[in-house]
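Here is what each chain is made of, one letter per residue.
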Amino acid sequence: MQVELARSDAPLIAAQIPHFSEHAVPSGLNVTDFLQGMGIARDTVLAVVDAARPVYDLARLRAGNQMVVARTVAGDLLSLRYQIDSDRMLWVFSQGSEYRAEIKKIPSTTETVRIAGVIRDSLFNAVEDAGERAELAIRLSEIFGWDLDFYTDPRKGDTFRVVVEKRIYSNGQPASYGKLFAAEYNNAGTPYQAVLFRDPDGRSAYYAPDGKSLQKAFLRSPLKFSAPITSRFSRSRFHPILKIRRPHLGIDYAAPVGAPVQSIGDGRVVFAGRNGGAGNMVHVKHTNGYETMYMHLSKLLVRGGAHVGQGERIGLVGMTGLATGPHLDFRILQHGAYRNFESLRLPPANPVAKRDMAEFIAVRDRWIPFLNADSSQLARAVAPPASTPSGR
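In this report, we go over the structure that sits alongside the text.

Cut-offs used in this document
- Residues numbered from 1 in each chain as written.
- Predicted model: local features only at pLDDT ≥ 70, side-chain atom pairs only at ≥ 80, totals over all residues.
- Heavy atoms only, no water.
- Core = buried A, V, L, I, M, F, W, Y, C linked by side-chain atoms within 4.5 Å.
- Buried < 20%, exposed > 50% of the residue type's maximum accessible area, 1.4 Å probe, protein only.
- Helix = DSSP H or I, 4+ residues; strand = E, 2+ residues; numbered from the N terminus.
- Pairing = 2+ DSSP bridges.
- Axes fitted to C-alpha atoms, helices over the stretch in contact; angles between N-to-C directions.
- Contact = heavy atoms within 4.5 Å.
- Lys, Arg positive; Asp, Glu negative; His and termini not counted.
- Salt bridge = Lys/Arg side-chain N within 4 Å of Asp/Glu carboxyl O.
- Polar contact = N/O pair within 3.5 Å; in protein donor to acceptor, adjacent residues only side chain to side chain.

### Brief notes about the nonpolar core
Of all hydrophobic cores here, the largest spans 39 residues; its most connected members are I115, L123, F144, F160, V162, L180 and Y185. Residue assignment for this core shows that the elements contributing at least two residues are β6 (108-118), α4 (123-129), α5 (134-144), β7 (159-169), β8 (176-187), β9 (190-198), β10 (204-207) and α6 (357-367). Per-element accounting of this core gives the leading share, six residues, to β8. Counting residues in hydrophobic clusters, the runner-up holds 27 residues, among them V284, V302, V308 and F330.

Here it is, written out as structure tokens:
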């Protein structure tokens, strides 16, 4: 009897019981090859892509995003689930002999929370120690990145505090963050505070409590990742290759070949190419008489005449030209004279407009106190007002 029951259930199992597999989308692989690699037949892949096209183009798969497919034991595709971003999921499912597709919102709740931590060695580790994602550390480093170099300035015992929207997802995926209303980073006893407001063009921007912009004209580092300084600005340095003393009018950052180099400010590329002992070099002209140079690059990512934005990647670290090892030689000029970037006072951006100051003060006085509040106080303060009976 058991044998007969098993024999009768076998077709049902083969046709309906799903077998799941999940993979992160790799870089440099098209959707057809990727899905075929997950065991889906080519004709089925084409049918799925066609079904999804009205709501989402699967050719736009992003590397690192998750793809889950459900197949029968026989290998027929039952459904496909692709996470487009933190809030949306693409579903493709079989319906008879065809496939249908739709985009579903990932259910979530948003609450405003206070998060705080203490630095042991780095901001990233401190944020993770507080039970939060590295995304929050990146946000903080972007806010305070004009005053602090988070690769060299943090000290053991530094603290951070933020008031931020936190989105919790019902499917268990890691939380994400919305508006960051206020933040503080205390560096060796010196507190830096930020309040979210708007610039004169209506865009979101961060300001100090006195209304001064936290965004300076330049970033404090030409590298996106940590790198020790191996040679500082000097009027007389012994050159390791030429064996003579001569000025070194820049700063050398030791970094591996291929590390991303960023423009420290908005500007126009006046030169990008080979330049003798400087090797591959990018020369950017900024406003107010400033210019920056990035030397010994292994690869150029911009061309002469191009406009670049602050933080935009312009090249990769290398050891072209006169170099004993991979590093970035970074130089800055002010009105034609080389300056020591480590001691240079960076020019500030515009403060809160006078006409907006009263509104800014109200926003500041609302959020800054919550940096010291506990979670229950914050929850009560930002909770929507309770509805009142209509009287009927």
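On we go from here.
### Some details on the sheet that holds strand β3 (residues 77-83)
Spatial strand order, β1-β2-β3-β4-β5: five strands in an open sheet with antiparallel pairing. The outermost strands of the open sheet, each flanked by one partner alone, are β1 (19-24) and β5 (98-105). Taking the axes of each pair of neighbouring strands and ignoring which way they run, one obtains an average angle of 15° across the sheet. As paired strands, β3 and strand β4 (residues 88-95) are joined by five bridges and run antiparallel to one another. Within β4, the residue paired with S79 across the bridge is F93. Its contacts with the sheet put helix α3 (residues 42-52) on β3, β4 and β5, and the angle it makes with β5 is roughly 50°.

### What to know about the sheet that holds β9
A sheet is described by the order of its strands in space; here five strands give the open sequence β6-β7-β8-β9-β10, paired in antiparallel fashion. Across the chains shown, the open sheet's two edge strands, defined by having one partner strand only, are β6 and β10. Across the sheet, the axes of successive neighbouring strands diverge by a mean angle of 25°, strand direction being ignored. Against the sheet, α5 engages β6, β7, β8, β9 and β10, with an angle of about 60° to β8. Across the face of the sheet, α6 comes into contact with β6, β7, β8, β9 and β10 while running at roughly 125° to β9.

### Describing the side chain of R139
For R139, the location among the structural elements is in helix α5. The charged side chain of R139 is buried without a salt bridge, its nearest counter-charge being E135 at 4.1 Å. Separated by 2.6 Å, the side chain of R139 and the backbone oxygen of G178 make a polar contact. Among residues more than four places away in sequence, those in contact with R139 are Y177, G178, K179, L180 and Y206.

### Focus on unusual backbone geometry
Backbone geometry follows two general trends: most residues other than glycine have a negative phi, and most peptide bonds adopt the trans configuration. Phi at A188 takes a positive value of approximately 50°, unusual for a residue other than glycine. Mapped onto the secondary structure, A188 falls in the loop between β8 and β9. At H296, a position not held by glycine, the phi torsion is positive, near 65°. Its location among the elements puts H296 in strand β18 (residues 290-300). The exposure class assigned to H296 is buried, which follows from its relative accessible area of 4%.

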